[in-house]
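# Breakdown of the fold
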Amino acid sequence: MSYRKVNYEAVEQVSSAMHFLSDPLETEQVGVTVARCDPGWNSKPHDHTENAHEEVYVLIEGEATVVVDDEPVAMETGDALWIPPDSTRQIRNGDRESAFVLVSAPSIADDDGDGDEWLLSGFAG
């Protein structure tokens, strides 16, 4: 089969919001998560320095704030936010439900700097 399909609602929810899709989709180069955030929900502050993953947060429903390195970034439906690996990030949801698609990927440059292959070690998804 040349594709894999999963409905995020069929994937067990983690931290009362996150549906991690990388394992059921068996991805090799990209992490994909759907976050359905209840009113008042906050993610844990974290970074991806250790695994060098950059992330893009796309708000597909509602409004929320993403705090990047202690700077609040107001998000509304349709906004996309790129976050470098070493920046601390946290989703802070407001008083209404919101939904994000979170995409992460390792650096595309390898240790030799030729950029031909993905670095996959330590991939958290």
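Below is a summary of the structure that appears in this document. Numbers given for residues are sequential positions, taken from 1 along each chain in its written order. The predicted nature of this model means local features are confined to residues of pLDDT at least 70 and side-chain atom pairs, given and counted, to a pLDDT of 80 or more, with totals for whole chains, interfaces and linings taken over all residues. Remark: hydrogens and water are excluded; side-chain values derive from all non-hydrogen atoms of the structure.

### Regarding the pairing of strand β7 (residues 89-93)
Counted only if it meets this: Think of it in three bands: with a 1.4 Å probe and only protein chains considered, a residue is buried below 20% of the maximum accessible area for its type, exposed above 50%, and partly exposed in between. Strands here are runs of E lasting at least two residues and helices are runs of H or I lasting at least four, both read from the DSSP assignment and numbered beginning at the N terminus. By definition, two strands form a pair when at least two bridges between them are found by DSSP.
The element β7 is largely enclosed, with a buried count of four among its five residues. The pairing of strand β4 (residues 63-68) with β7 spans five bridges and is antiparallel. The residue of β7 that forms the bridge with A64 is N93.

### Examining the pattern of salt bridges
Just so we agree on the cut-off: By salt bridge we mean one thing: a side-chain nitrogen of Lys or Arg within 4 Å of a carboxyl oxygen of Asp or Glu.
Considering all chains together, one arrives at three salt bridges under this definition. For E97, the salt bridge identified is with R36, shortest N-O distance 2.5 Å. With E97 in the loop between β7 and β8 (98-105) and R36 in strand β2 (residues 31-37), the pair connects residues that are 61 residues apart, well separated along the chain. Its relative accessible area of 36% is what places E97 among the partly exposed residues. A salt bridge links E55 to R89; its shortest N-O distance comes to 2.5 Å. Residue E55 is found in strand β3 (residues 54-61), and its partner R89 is found in strand β7; the two are separated by 34 residues along the sequence. By relative accessible area, E55 is classed as buried at 6%. Owing to a relative accessible area of 0%, R89 belongs among the buried residues under this scheme. Linked through salt bridges whose partners overlap, the residues forming this network are R36, E61 and E97.

### A closer look at the environment of G94
Which entries qualify depends on this criterion: For this analysis, residues touch if any pair of their heavy atoms sits within 4.5 Å.
As for its placement among the helices and strands, G94 is situated in the loop between β7 and β8. The class for G94 is partly exposed, based on a relative accessible area of 32%. C-alpha of G94 to C-alpha of D38: the two residues are 56 residues apart in sequence and 8.5 Å apart in space. Apart from the residues within four sequence positions on either side, G94 is in contact with P39, G40 and E63.

### What about the sheet that holds strand β5 (residues 71-76)?
Counted only if it meets this: Only C-alpha atoms enter the line fits that serve as axes; for helices the fit covers just the stretch in contact. Angles between N-to-C directions range over 0 to 180 degrees.
Spatially, β5-β4-β7 is the arrangement adopted by the three strands of the open sheet, whose pairing is antiparallel. Of all strands in the sheet, those with a lone pairing partner are β5 and β7, marking the two edges. Averaged over neighbouring strand pairs, the angle between their axes works out to 25° when direction is ignored. The pairing of β4 with β5 spans six bridges and is classified as antiparallel. Considered in β5, the bridge of V66 is made with V73.

### Topic: unusual backbone geometry
Note on backbone geometry: most residues besides glycine have negative phi, and most peptide bonds are trans. For S15, which is not a glycine, the phi torsion comes out positive at approximately 55°. Within the element layout of this structure, S15 appears in the segment before β1 (18-20). The phi dihedral of A52 falls on the positive side, at around 60°, and the residue is not glycine. For A52, the position within the fold is in the loop between β2 and β3.

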